[in-house]
Amino acid sequence: MTTKIEFFRHDLGDAELRSVAEVLAGPILTTGETVGKFEQLFADYLGRRHALGLTSCTGGLHISLLALGVGPGDEVITTPLTFIATAAAVAECGAKPVFVDVEPHTGNIDAGRVEAAITPRTRAILPVHLYGQMCDMHALRAIADRHRLAIVEDAAHCIEGERDGVRVGELADTACFSFYATKNLTCGEGGAVVTDDADLAAKLRLLRLHGMTKTAADRAREGFQPWDMTILGWKYNMDNIQAALLLPQMDRLERNADLRERLAQRYYDHLSGIEGLSWPRVLPGRHGRHLFTIWVDPQLRNDVIRQLQSRGIPLLVNYRAIHQHAFFRDTYGYRPGEFPIAEKIGESTISLPFYPAMPEDHVDIVAGALREALEQLQENRQQQPAETY
Ligand SMILES: Cc1ncc(COP(=O)(O)O)c(C=O)c1O
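Residues numbered from 1 in each chain as written. Predicted model: local features only at pLDDT ≥ 70, side-chain atom pairs only at ≥ 80, totals over all residues. Heavy atoms only, no water.

With that settled, consider the packing of aromatic side chains. Under the counting rule described, the total for this entry stands at 18 aromatic pairs. Arranged with centres 5.6 Å apart and planes meeting at 85 degrees, the rings of Phe38 and Phe179 form a pair that is edge-to-face. Placement of the pair is Phe38 in helix α2 (residues 33–46) and Phe179 in the loop between β8 (174–178) and β9 (191–195), with a sequence separation of 141 residues. With centroids separated by 5.9 Å and ring planes inclined at 80 degrees, the aromatic side chains of Phe99 and Phe328 adopt a geometry described as edge-to-face. Of the two residues, Phe99 sits in strand β3 (residues 96–99) while Phe328 sits in helix α12 (residues 326–332), which places them 229 residues apart along the sequence. Each member of the pair Phe99 and Phe328 is classed as buried. One aromatic cluster is present, formed by Phe99, Phe327, Phe328, Tyr332, Tyr334 and Phe339 through successive ring pairs. (Phe/Tyr/Trp six-rings, centres within 6.5 Å; stacked < 30°, edge-to-face > 60°. Helix = DSSP H or I, 4+ residues; strand = E, 2+ residues; numbered from the N terminus. Buried < 20%, exposed > 50% of the residue type's maximum accessible area, 1.4 Å probe, protein only.)

The structure is reproduced here in C-alpha cells:
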C-alpha cells in the first residue's frame, strides 16, 4: 500500500458540525450573534479592541485602505513576494502598489528600503508576514510615524506570531486575516480585520456591508427601523455559518500552532543534513507557521518539484514575485530584474506538505524524497559535459 501524502488537510469535525447545526436551527444565517461571538474571541486572542468578520482577507485589505483614505493617485508600499491579493487590494482602491525588495534571509519586506520608496503620494505601508513570520514592525512603525503614513498588515499567514515584543496588529492601523481553505483557521472562505481605533472600526463596519446603517441582525433584534446608506460600501460581511465553523477552532488554535512547530522542527532535523538546501531564517519570537518553505538552486527547482510530484508528493510555490505577473507589468510598468531578491526567492522556493495533523512519518517521507531528488539532480548536473567555447 502506498502512503498518500497530502499538502494540507483541515481538522474540522464534530465540534464544527454541532456548531453549524446550532446556527441552522436558528433564524439568522447571515451576519448575527454567532459572528459577534467569533469577533469577540478573535479580538481577545489578539489583544485588539475590535474585530470584524469578513468574507475574505482581500476584502479586509480593500476596506482598510479605503477607510484610511487611500484612493486614486495614491501609492501604497508593499512587498512583491506575496500572494497577488495584497497588491490587488491596493489597485482596487485605484491606488498604485509600490513594491520594495525583501530581506534575503526572511523574504519579508526590507524595512531598510522602505523610506527610499516614499513619495508625496504615499499613503500607507502594507507589510505581509510571509509564511507566518512577522515583519520588523518596530522599524516600519517608526518610518510610518516619521512620514505620517498608515500601516495595514496583511496577516493572512500569521495569527499567532510575535516579534520584538509585539503581536500582529499591535503597531498597525489595521491587520487583516484570511480564513481561506488552507489557512491556520478556516471556514472555506473568510477573513477578518482588527483595529484598536473605534472610529476606524465603525467605518469598516459600514464599508463591509453596503454602507448601510442597519443590518439583518438589527432588524431581527429591534424590528424594522428606517436606515440609510451613508457611504459607498462593499459586500464583505461574514455570515453566521462561517462564524460557526470558526468558533470551535479558536479552542485548538494554540494546540495546532504547537503541532505545526513540532513538525517544522522535524523537517529542520532532516533538512539540515541535505546539501543544496536552505530556508528562511527563523528569528527570535514566535513564528505563525502557516507554510513550510525551502529554497533550492533555481536551476534545479522545477525538476525537484517534478520529481517529488511524480512520487505523489504535492508541493506549491509561494510565490513567484508578483510584479512579474502580466497585470502588474502592464498596468504599472514593472519589469523583471527590478526586485532581484524577491525574484530569486520566487525562483528558489518550494512549499512542502504541512498541517497540524500531518503524520510525523509523512515529514520523514517528504524529506527522504527531497534528499534523493536533490542528490540525483546534482549528480546528473555533474555528469553533463562542461560547455566549451
Ligand atoms: C499573503 C496573502 N494575502 C492575502 C490573501 C488573500 O486572502 P483571502 O483569500 O482570504 O482573500 C492570501 C490568501 O491566500 C495570502 O496568502
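Time to look at the pairing of strand β1 (residues 50–54). Burial analysis of β1 places four of its five residues in the buried class, which makes it a mostly covered element. Summarising the sheet, β1 and β9 pair through five bridges and their orientation is antiparallel. Of the residues in β9, the one forming a bridge with Leu52 is Val193. (Pairing = 2+ DSSP bridges.)

The next subject is the sheet that holds β3. Pairing within the open sheet is mixed, and its seven strands lie in the order β1-β9-β8-β5-β4-β2-β3. Strands with a single pairing partner mark the edges of an open sheet, and in this sheet they are β1 and β3. Between one strand and the next, the sheet's axes are offset by a mean angle of 25 degrees, whatever the strand orientation. Alignment of β8 against β9, held across four bridges, turns out to be antiparallel. Paired with Phe177 across the bridge in β9 is Ala192. Against the sheet, α2 contacts β1, β8 and β9, and its axis sits at roughly 130 degrees relative to β1. (Axes fitted to C-alpha atoms, helices over the stretch in contact; angles between N-to-C directions. Contact = heavy atoms within 4.5 Å.)

Our next topic: the environment of Asn240. Relative to the helices and strands, Asn240 resides in helix α9 (residues 240–250). On the basis of relative accessible area, Asn240 is assigned to the buried category, the value being 3%. Between the alpha carbons of Asn240 and Val70 there is a distance of 30 Å; along the sequence they are 170 residues apart. Among all residues touching Asn240, those that are not within four sequence positions of it are Val23, Ile28, Leu29, Thr30, Thr31, Gly32, Glu33, Thr34 and Val35.

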